[in-house]
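Commentary on secondary and tertiary structure
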Amino acid sequence: MNGSGAARSRRFPSVTRDTARPEGSGRAVPGAVSTPARQWPMLSVLAATAVGLLTTALGQARVGCLVIGVALIAASALRRVLPSVGMLAVRSRFTDMITYGLLGVAITLLALVMEPRPWLEVPFLESAVRFTVR
């Protein structure tokens, strides 16, 4: 019991009066600094992705996709290493790492096997495509 005589329940209230602070709202840099400096992990990943999209738009699709894939792999590494990453944190640390990492690896592998003249030869890929596309 607390001082007012009424016992507090451990159950969640039926009406929510406040929202929980998301994990990503914490600062990536300690102290009173400007917002861009606090969000440097997210801004660096967005900048690398923008460079990849621009490179793709300018006709270098393979290089652009590689840049985007590497940016997502870097986002996964940043999420693992840094204690707080600002808005780069979307869900739990584990979920963010797996999501960013798998998407980054998938985009990178797709860029490496992209036609014409793929940089990575996957032996079963041609027969799998021939089997499914008939």
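Residues numbered from 1 in each chain as written. Predicted model: local features only at pLDDT ≥ 70, side-chain atom pairs only at ≥ 80, totals over all residues. Heavy atoms only, no water.

On to the confidence of the model for the protein, then. This prediction gives the protein a mean pLDDT of 80; 72% of its residues lie at or above 70. Of all secondary-structure elements in the protein, the lowest mean pLDDT belongs to helix H1 (residues 35-38), at 69, while helix H3 (residues 61-81) reaches the highest, 95. (pLDDT = per-residue confidence, 0-100. Helix = DSSP H or I, 4+ residues; strand = E, 2+ residues; numbered from the N terminus.)

This part takes up the pattern of salt bridges. The final tally for this structure, using the stated rule, is one salt bridge. For Arg79, the salt bridge goes to Asp96, with nearest N and O atoms at 2.9 Å. Linking Arg79 in helix H3 with Asp96 in helix H4 (residues 93-112), this pair joins segments that are 17 residues apart in sequence. Each member of the pair, Arg79 as well as Asp96, is classed as buried. (Salt bridge = Lys/Arg side-chain N within 4 Å of Asp/Glu carboxyl O. Buried < 20%, exposed > 50% of the residue type's maximum accessible area, 1.4 Å probe, protein only.)

It is worth spelling out the nonpolar core at this point. In terms of nonpolar packing, the biggest core is built from nine residues, these being Val45, Leu72, Ala75, Leu78, Leu82, Val85, Leu88, Ala89 and Tyr100. The greatest single-element share of this core, amounting to three residues, is contributed by H3. The contact partners of Val45, leaving out residues within four places of it in the chain, are Ala71, Ala75, Leu78 and Leu88. (Core = buried A, V, L, I, M, F, W, Y, C linked by side-chain atoms within 4.5 Å. Contact = heavy atoms within 4.5 Å.)

Moving on: the packing of H3 against H4. For the pair H3 and H4, the least separation of the axes is 8 Å and the interaxial angle reads 160 degrees. Considering their axes alone, H3 and H4 lie roughly antiparallel with respect to each other. Relative to H4, the crossing made by H3 is left-handed. Of the residues in H4, those touching H3 at Arg62, Cys65, Leu66, Ile68, Gly69, Val70, Leu72, Ile73, Ala75, Ser76, Arg79 and Arg80 are Arg93, Asp96, Met97, Tyr100, Gly101, Leu103, Gly104, Val105, Ile107, Thr108, Ala111 and Leu112. Within the contact of H3 with H4, the residues separate by chemical class into 14 nonpolar, five polar and five charged. (Axes fitted to C-alpha atoms, helices over the stretch in contact; angles between N-to-C directions. Parallel < 35°, antiparallel > 145°, perpendicular 65-115°, else oblique. Left-handed = near helix turned anticlockwise from the far one by under 90°. Nonpolar A, V, L, I, M, F, W, Y, C, P; charged D, E, K, R; others polar.)

Let us now look at the side chain of Gln39. Here Gln39 lies in the loop between H1 and helix H2 (40-57). Residue Gln39 is classed as buried on the basis of its relative accessible area, which comes to 12%. From its side chain, Gln39 meets the backbone nitrogen of Met87 in a polar contact 2.6 Å long. Beyond its immediate sequence surroundings of up to four residues, Gln39 is in contact with Val85, Gly86 and Met87. (Polar contact = N/O pair within 3.5 Å; in protein donor to acceptor, adjacent residues only side chain to side chain.)

Moving on, we get to H2. A rise of 1.5 Å per residue sets the reference length of H2, with its 18 residues, at 26 Å; its end C-alpha atoms lie 25 Å apart and thus fit the reference within 8%. Turning to H2, its buried residues number three or more, namely Pro41, Val45 and Gly52. Summarising the axial view, the buried residues of H2 lie within an arc of 25 degrees, below the 170-degree limit, and thus occupy one face. More than 90 degrees from the buried face of H2, the exposed residues found are Leu53, Leu54 and Ala57. Immediately beyond the C-terminal end of H2, within one or two residues, lies Gly59, with a positive phi of roughly 105 degrees. (Expected span 1.5 Å × (residues − 1). Arc of directions from axis to C-beta.)

With that out of the way, let us pick up the environment of Ala77. Summarising the element assignment, Ala77 is placed in helix H3. Given the relative accessible area of 41%, Ala77 is considered partly exposed. Measuring from C-alpha to C-alpha, the distance between Ala77 and Met97 comes to 7.3 Å, with 20 residues separating the pair along the chain.

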